[in-house]
Number of protein chains: 4
Amino acid sequence: MNTFGNLFRITSFGESHGKALGVIIDNLPPNIKLCETDIQAELDRRKPGQSSVTTPRKEADKCEILSGVFEGKTTGTPLCTIVYNKNQKSKDYSNIKDIFRPSHADFGYLKKYGLRDYRGGGRSSARETIARVIGGAIAKKILKEKFGINIYGFTQSLGKEVFTAVDKDFIEENPLRMADKKVFATVLQKVEALKNAGDSIGGVAEIHIENPPAGLGNPVFGKLEALLAQAMMSVPAVKFFEMGEGRTICTQKGSVANDPFVAKGDLVSSERNVNGGVLGGISTGDDIYFRVGIKPTSSISLPQKSANIHGKNVDLEIHGRHDPVLLPRAIPVLEAMAALVLLDSIMLQKAQCDLF
Amino acid sequence: MNTFGNLFRITSFGESHGKALGVIIDNLPPNIKLCETDIQAELDRRKPGQSSVTTPRKEADKCEILSGVFEGKTTGTPLCTIVYNKNQKSKDYSNIKDIFRPSHADFGYLKKYGLRDYRGGGRSSARETIARVIGGAIAKKILKEKFGINIYGFTQSLGKEVFTAVDKDFIEENPLRMADKKVFATVLQKVEALKNAGDSIGGVAEIHIENPPAGLGNPVFGKLEALLAQAMMSVPAVKFFEMGEGRTICTQKGSVANDPFVAKGDLVSSERNVNGGVLGGISTGDDIYFRVGIKPTSSISLPQKSANIHGKNVDLEIHGRHDPVLLPRAIPVLEAMAALVLLDSIMLQKAQCDLF
Amino acid sequence: MNTFGNLFRITSFGESHGKALGVIIDNLPPNIKLCETDIQAELDRRKPGQSSVTTPRKEADKCEILSGVFEGKTTGTPLCTIVYNKNQKSKDYSNIKDIFRPSHADFGYLKKYGLRDYRGGGRSSARETIARVIGGAIAKKILKEKFGINIYGFTQSLGKEVFTAVDKDFIEENPLRMADKKVFATVLQKVEALKNAGDSIGGVAEIHIENPPAGLGNPVFGKLEALLAQAMMSVPAVKFFEMGEGRTICTQKGSVANDPFVAKGDLVSSERNVNGGVLGGISTGDDIYFRVGIKPTSSISLPQKSANIHGKNVDLEIHGRHDPVLLPRAIPVLEAMAALVLLDSIMLQKAQCDLF
Amino acid sequence: MNTFGNLFRITSFGESHGKALGVIIDNLPPNIKLCETDIQAELDRRKPGQSSVTTPRKEADKCEILSGVFEGKTTGTPLCTIVYNKNQKSKDYSNIKDIFRPSHADFGYLKKYGLRDYRGGGRSSARETIARVIGGAIAKKILKEKFGINIYGFTQSLGKEVFTAVDKDFIEENPLRMADKKVFATVLQKVEALKNAGDSIGGVAEIHIENPPAGLGNPVFGKLEALLAQAMMSVPAVKFFEMGEGRTICTQKGSVANDPFVAKGDLVSSERNVNGGVLGGISTGDDIYFRVGIKPTSSISLPQKSANIHGKNVDLEIHGRHDPVLLPRAIPVLEAMAALVLLDSIMLQKAQCDLF
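Please read all numbers here as calculations on a predicted model, not as lab measurements.

Conventions adopted
Residues numbered from 1 in each chain as written. Chains lettered and ligands numbered in written order. Predicted model: local features only at pLDDT ≥ 70, side-chain atom pairs only at ≥ 80, totals over all residues. Heavy atoms only, no water. Least-squares fit on C-alpha atoms with pLDDT ≥ 70 in both. Contact = heavy atoms within 4.5 Å. Core = buried A, V, L, I, M, F, W, Y, C linked by side-chain atoms within 4.5 Å. Buried < 20%, exposed > 50% of the residue type's maximum accessible area, 1.4 Å probe, protein only. Phe/Tyr/Trp six-rings, centres within 6.5 Å; stacked < 30°, edge-to-face > 60°. Helix = DSSP H or I, 4+ residues; strand = E, 2+ residues; numbered from the N terminus. Lys NZ or Arg CZ within 6 Å of the ring centre and 35° of its normal. pLDDT = per-residue confidence, 0-100. Pairing = 2+ DSSP bridges. Expected span 1.5 Å × (residues − 1). Salt bridge = Lys/Arg side-chain N within 4 Å of Asp/Glu carboxyl O.

Student: How should I be thinking about the relation of the copies chain D and chain A in this particular structure?
Tutor: One copy of the chain maps onto the other through a rotation about an axis plus a displacement along that axis. When chain D is brought onto chain A, the operation consists of a screw motion whose angular component is 180 degrees and whose axial shift is 0.0 Å, with 0.0 Å RMSD remaining. Both copies of the chain, as the preceding transformation shows, are related through a two-fold rotation axis. Among all residues of chain D, the one whose C-alpha sits closest to the rotation axis is Thr11 of chain D, at a distance of 3.7 Å. Mapped onto chain A, 100% of the interface residues of chain D are again interface residues, and the two copies thus contact each other with one and the same surface.

Student: Hey, could you run me through the nonpolar core in this one?
Tutor: Buried together is how nonpolar side chains tend to be arranged in soluble globular proteins. Ranked by internal contacts, the top residues of the largest apolar core, which has 324 residues, are Phe290 of chain A, Phe290 of chain B, Phe290 of chain C together with Phe290 of chain D. When neighbours within four sequence positions are excluded, Phe290 of chain C is seen to be in contact with Ala205, Glu206, Ile207, Ile209, Leu228, Met232, Phe241, Glu242, Met243, Gly244 and Ala338 of chain C.

Student: I tried to follow the relation of the copies chain A and chain B on my own but got confused; where do I start?
Tutor: Screw-axis analysis of chain A against chain B gives a translation of 0.0 Å along the axis, an RMSD of 0.0 Å, and a rotation angle of 180 degrees. When the interface residues of chain A are mapped onto chain B, 99% of them again lie at the interface, so the same face is used by both copies.

Student: Can you walk me through the packing of aromatic side chains in this structure?
Tutor: Each aromatic ring pair is described using two quantities: the centre-to-centre distance and the angle formed by the ring planes. Counted according to the given criterion, the structure contains 40 aromatic pairs over all chains. For the pair Phe241 of chain B and Phe290 of chain B, a centre-to-centre distance of 5.4 Å together with 35 degrees between the ring planes defines the contact as tilted. Here Phe290 of chain B lies in strand β17 (residues 288-294) and Phe241 of chain B lies in strand β12 (residues 238-243), a separation of 49 residues in the sequence. By relative accessible area, Phe290 of chain B is classed as buried at 0%. Through a chain of ring-to-ring contacts, three or more aromatic side chains come together here, namely Phe100 and Phe107 of chain A together with Phe261 of chain B. Sitting over the face of the ring of Tyr113 of chain A, Lys112 of chain A holds its NZ or CZ atom 5.7 Å from the ring centroid. One Lys or Arg, Lys146 of chain B, reaches over the ring of Phe356 of chain D and ends 4.7 Å from the middle of that ring.

Student: What exactly am I supposed to notice about the confidence of the model for chain A here?
Tutor: In low-pLDDT segments, the atomic positions of the prediction should not be examined closely. Summing up the model confidence of chain A, the mean pLDDT is 95 and the portion of residues at 70 or higher is 98%. Interface confidence in the predicted complex, given as ipTM, is 0.97; pTM for the same model is 0.97.

Student: Hey, could you run me through the environment of Ile282 of chain B in this one?
Tutor: Relative to the helices and strands, Ile282 of chain B is located in strand β16 (residues 282-283). Sequence spacing of Ile282 of chain B and Ala307 of chain B is 25 residues, and the spatial spacing of their C-alpha atoms is 46 Å. With residues up to four places along the chain from it excluded, the contact list for Ile282 of chain B reads Gly108, Tyr109 and Lys112 of chain A together with Gly215, Leu216, Gly217, Asn218, Pro219 and Gly277 of chain B.

Student: Just checking my understanding: could you explain the sheet that holds strand β7 (residues 79-84) of chain D for this structure?
Tutor: Think of a sheet as strands paired side by side through backbone hydrogen bonds, with each pair either parallel or antiparallel. Residues and elements named next belong to chain D. In spatial order, the strands read β1-β2-β3-β7-β4; together these five strands make up an open sheet with antiparallel pairing. Both outer strands of the open sheet, β1 (3-4) and β4 (63-65), are each paired with one neighbouring strand and no more. Summarising the sheet, β1 and strand β2 (residues 9-14) pair through two bridges and their orientation is antiparallel. Looking at the pairing, Thr3 lines up with Thr11 of β2.

Student: Mind showing me how you'd approach helix α9 (residues 327-353) of chain C here?
Tutor: For an α-helix the count is 3.6 residues per turn, leaving residues at separations of three or four pointing the same way. End to end, α9 of chain C covers 37 Å across 27 residues, agreeing with the expected 39 Å (1.5 Å per residue, within 8%). With 27 of 27 residues buried, α9 of chain C lies mostly within the body of the structure.

Student: Teacher, can you tell me more about the pattern of salt bridges here?
Tutor: Taken as a whole and judged by the stated rule, the model has 100 salt bridges over all chains. Asp38 of chain B serves as the salt-bridge partner of Lys141 of chain B, at 3.7 Å between the closest nitrogen and oxygen. Of the two residues, Lys141 of chain B is situated in helix α4 (residues 129-147) and Asp38 of chain B in helix α1 (residues 36-46); the sequence distance between them amounts to 103 residues. Residue Lys141 of chain B is classed as buried on the basis of its relative accessible area, which comes to 15%. Asp38 of chain B sits in the partly exposed class, given a relative accessible area of 28%. Connected through shared salt-bridge partners, Glu42, Arg45, Lys140, Glu172, Arg177 and Glu335 of chain A make up one network.

Okay, structure coming up:
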């Protein structure tokens, strides 16, 4: 299914080397001021060619709103935004069209559909995330302007190195979207070295949702952490999802892990917020945060082995221009998905619990 | 939302101390032989009072099919199965009805709904998982009998201890659902000691789906790992989800993490299956496996601090009878959710890609 | 699919001669005062055995709330209500178990599912409408108490006779749910004569929704008239749906059919409301009304011809006790479906357009 | 909601005078040969400027496939097709931007959204049906090539005149899509006279689905007639829906209306098929047919009265170029909607009942 969300719904289309990628946003609240610049700002955060540690491919990724906005405001009818593909070198991929690239989706796609768009991975390319970022840009704008909710993310670890210092202001100032200013320079060097070696590296992103209302999420199947997990695990290359300090908690005794509520003046909140702002599937009003593991870029330049569609084992070299680390460009995508989940949850909450 | 699945759909109802819990299974294939015994076998695997390391509460959890079966076969119309609550001591909970128990859903529920069924957690109680196990029992039966797919799970770690040996035959023979026979006795002693101390412990479950077809799952938002993540994170007390060797992969270089396809005779498969049987959201035909982190039981007997609905900080003692470790009884629930996702994915695949 | 609604969602189960029928209502607003009496009042309006022109079968159709209500109020979690079947004479149907009854669902069910619950039609029996009436009773209560919206229906025609006078107070005072007091006695005699002759008669119901807000419904696929049409055509025995004066309008010239808006003081409304309160799929604030055609009861006592499952033509006599006219008992069902559509539309409207 | 269908799903966007209209088709079976010509043929059947009885507006309505097709075949990933708007004279509408046109959606849209795209009705314009026709063209192709199912429609009545003769070959040869060759010339004259007088006329379309499989549709809420009713009533200007001979049946006695099954050789079918090929919501294998009432074009050139957004009553003249009768161009849209419902039902049937 290429539709995401219950009420704030996005439906996505497009392949890496097709004519265009885009998204329809349905059920959008009307009367929101919106123009292409609002969306472009987020697209620019994920576009390639930004730095020494992203692919040097140049894509303008310029968006165009085709419907749903009239005289500068959303009309409440479906908003379609499109990005035409410009800089697509199809020949880069022709030498691997019969090969199942290691850790890529090629094999499954062929088994599923009986055919496969081999140009840059087709629909399995991370270029599909353009649609998510467009939808997320609009959701973020509404969350911020109407509900005072802010979403941001940063690179929490790369390889085995976990970065502990968090300087929020630094995140958007460095090409790795790290929040740890002190170690950044050294880490950048290592990543550049990997890139020069034709290799790549995995890592973990941490996403924060500041100032969420309490009461979001639904018991049972629609728990907020379940919706966030689906949203995050649906992003290409994501391999694990951890709510709050989830991994640590699962190694602890109850007497250690339990997080008491504390009353301070009029406010009741969790003492340590180790559960990441959600308990029993419902937001508590504490800041929501979670971690998302992103594997190393599968497309590396180093020689590899694999099999082809004729059932033969082959030696393989992937040319083309790839990110040595996916995290910096994945973070705007993860933020976008978080924004979609949040706004959808707010709309559901309004409809059910704030109806009168 | 209390409905799960696109085609094989379950809709759940019931509270811990209400009259009954149950589930409607919609879109069930017709002509499947089915009786209450098929379902009861799975319910018995999750019911309380089974051993020294589960709560001594006695619940028969006896299921009754109310519709959808005629002359021993499914009719294709909605199958409702119900479990009446028997052994509910409401007074156990009256002393905490105004308190937000640490790491429980109480606070969020009150904020969301403006009222709260405080008897045993109401809808937030893990008793709701009865509905999942019923649905999963039917899905498992179909998967096994019609598709040769087998699902099982075991306790992979408790606290900081990770168990490495896997003896599948041992899992259902021990009350901790461990697969590591050698260390079991020592671990059991530790868990019993925790129980006697009024404490609890977290851990990790590992779930395996043997012999899945290739091609399941949908690109983009319906990736198989995304659906599994939502399913697992929706189970009470789950704090993280890891696909295959996801945590390890995210610390590696691409040249190390990449898993080549290998042709052996007619068969192409992943060399090491570190991605857990799913690539780009689509199953590869390799066994699917993933890990699910479960926090320690929040209801412990040790004295705790917390706040109440009047905004006062209070001392708190939770009486009642609780599992010192949730994993053994959670595993059948996780298996059930995996079965629901798999069967639903098979139905979607049939409808779209095997239509003619 | 046995689920209806986007936000105010009901999921239905049960067969005519199974153990029970029931419904889960999901996404119900919390904090609504609700008890079984509220629901029973509507169930009593549709139950059999009420008069000389309904089947003499006695069914208490007593409902029991199993979940979702705590201390007399809805909790916001799924509300399950059940009606156990009591007076089921399975032997009445055994003589026709191999026959495809004329104008009944038997043939299609067998073709679809490969088996068929022949006891009283199984899932195709109009007894399934109990679930709709339960859901509708709750929706009606919320519509009335929170939004001042009233829904009622009456028998607008029987056979070829169209009744023109409308006395709302008379509707619930007569067993045919007619609004035309003057002709009622004559019509009743005719219907009783049909019943004695073992025959039945079709007719048309007219449903009114008084005082709806403007702005409900969604353009394109979710037009309010489209949702109402689906809702009504999903009720057993319904054969046509007409919005407002739809049939007349479709025979007219635009210059005659067009209905100008008229400003009176602060209020703008349609001059004649011939479109039934909906234009372009969106409610205008004028009263909503539509007509629903209900065929004559297919189960008649007169001898008939048909075919059986062995491909033989047969003579057939249907014993049992049937309504000579379905309308009086169908009207509460149609009202219930209208209430479900309305409340769902209000919730959608709140979530999208009244979000801030 | 701007998405239609459970499995074969279309999501639509675009306004009358926006940049473009289009549709995403999701869950499309892979490996179907498809090109723009396949779609264009159906679009050409609905486009304006075809004859003396359609609007003289010229719109090429040329479609472009943006995704989902690779090397001439569907890939199984979302297919987006777009039609850019070319011949839009926005000034035609500026004089009525503050007026609620009689029997138009203007008033409801403003009430719903708080703002309104007044250019040609914006999203409420029948130009949105382009998206339906695109989706339907693909569904029709699959139905025909893979299942031997044929769908066609014709003008069954205009004004008070009902046409009884049916010559299928004549339908696409005349601009009114009439099937009654004998009366056509006279009717055409009348329609041309209405057009010259600045007026319009309503009528009824009859749609046939030839050679459907038995067993389609779902009991209860997903009855095939309910899905068809929603589909048809969602098309602009539709005011009633009648299944088979529904209106006649509802005036009859059961002994007259009942339609016996008849066995002929191996085949069992309905004797007269008065129920239109569906009983109890499930197709019987008999041809499916139904009627759809279409009101006269609301945009007429004759002077009218109405109210404006300032609450004043006004005199009104609608300039611009409009169809004197909507039916000829609506029929391809109704066929498209029927095709979407049918293919979706086949996919659902496959997934549930033909799974093994």
